[in-house]
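# Observations on the model geometry
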Amino acid sequence: MKVALFSKQSFLINEVKKSTHLEDFVFVNKIENLFETLDSNMILLYHIDCDENFEENLKEIKEDFENIKIAIFRNNTNNIEGCSFLKKGFKAYAHSMSNINIVEDIIKAIINGNIWMYPELMQFLISSVPVENQKEQELLKELTPKELEVLELVAQGLNNAKIAQTLDLAEVSVKKYISSLFKKLDKKDRLSLALLFKSIAK
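Here the structure is a predicted model, which is why all the values come from computation and not from measurement. (Residues numbered from 1 in each chain as written. Predicted model: local features only at pLDDT ≥ 70, side-chain atom pairs only at ≥ 80, totals over all residues. Heavy atoms only, no water.)

This part takes up the overall build of the protein. If you tally the helices and strands in the protein, you get eleven helices and six strands. Taken over the C-alpha trace, the protein has a radius of gyration of 18 Å; the compact-globule value for 202 residues is 17 Å, and the two agree within 12%. Projecting the C-alpha coordinates of the protein onto the three principal axes gives extents of approximately 55 × 35 × 30 Å. The 202 residues of the protein split such that 45% are buried. Considering only residue pairs separated by 6 or more positions, the protein has 61% of its internal contacts joining residues 24 or more positions apart. For the protein, the centre of its 26 positive side-chain charges and the centre of its 30 negative side-chain charges are spaced 5 Å apart. (Helix = DSSP H or I, 4+ residues; strand = E, 2+ residues; numbered from the N terminus. Rg over C-alpha atoms; globule rule 2.2 N^0.38 Å. Buried < 20%, exposed > 50% of the residue type's maximum accessible area, 1.4 Å probe, protein only. Contact = heavy atoms within 4.5 Å. Lys, Arg positive; Asp, Glu negative; His and termini not counted. Charge placed at Lys NZ, Arg CZ, Asp CG, Glu CD.)

As structure tokens, this is what we get:
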């Protein structure tokens, strides 16, 4: 999938240039050039601090390019703004000093149809969303003790590497446990798993 980065910040640009996985990539630092570059079937990494009229321009981009997937980058992130962007359908909210590993994680999440957020934002979102405890207690009976441990750490916002370190597992094993959780609990992303855990951990 084609990816475009709109930013004037050298750190973010240089980090993205480090990637060996991104083949079809475009860098843009002028808003007028951005509209010429975009198409509906792409991912846009949008550094909003580099655009005084970002609200207007984002609205126009979403209207003109219906299926475009947009990740927001911000110099000073805050949880309330992050929630607002995610609720409006943006696919990620991240700090503009994110390194290439985070940028690649964001792109992978979007390609897989998921959203991406930093752990503190996930915790904030989980704590602010009311969750009704439904029949999901029954589903939990199908989980192994290790899957329950992994589920709890996912709910804390830990990434796979941190979960592997905490549980003394290989990262590939953590990925298998999370895939199993998605299947058994009929969920598609980590946030859904975290919200489920919140509902049963009351």
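Quick look at the side chain of Glu15 now. Here Glu15 is to be found in helix α1 (residues 10-17). Note on Glu15: relative accessible area 7%, which makes it buried. Within the local environment of Glu15, its side chain forms a polar contact with the side chain of Lys18, the two groups lying 2.5 Å apart. Ignoring anything within four residues of it in the chain, the contact list for Glu15 reads Ser98, Asn99 and Ile100. (Polar contact = N/O pair within 3.5 Å; in protein donor to acceptor, adjacent residues only side chain to side chain.)

The next subject is the domain arrangement of the protein. For the protein, the assigned domains are domain 1 (3-128) and domain 2 (134-201). Centre-to-centre separation of domain 1 and domain 2, based on C-alpha positions: 27 Å. Counting from both sides, the interface comprises nine residues of domain 1 and, opposite them, eleven residues of domain 2. The largest contributions to the domain 1 side of the interface with domain 2 come from Asn114, Met122 and Ile126, which together make up 59% of the buried area. At the surface where domain 1 touches domain 2, the tally comes to two residue pairs in polar contact (both at pLDDT 80 or more). (Domains from an automatic or database assignment. Buried area = accessible area lost by both parts, 1.4 Å probe.)

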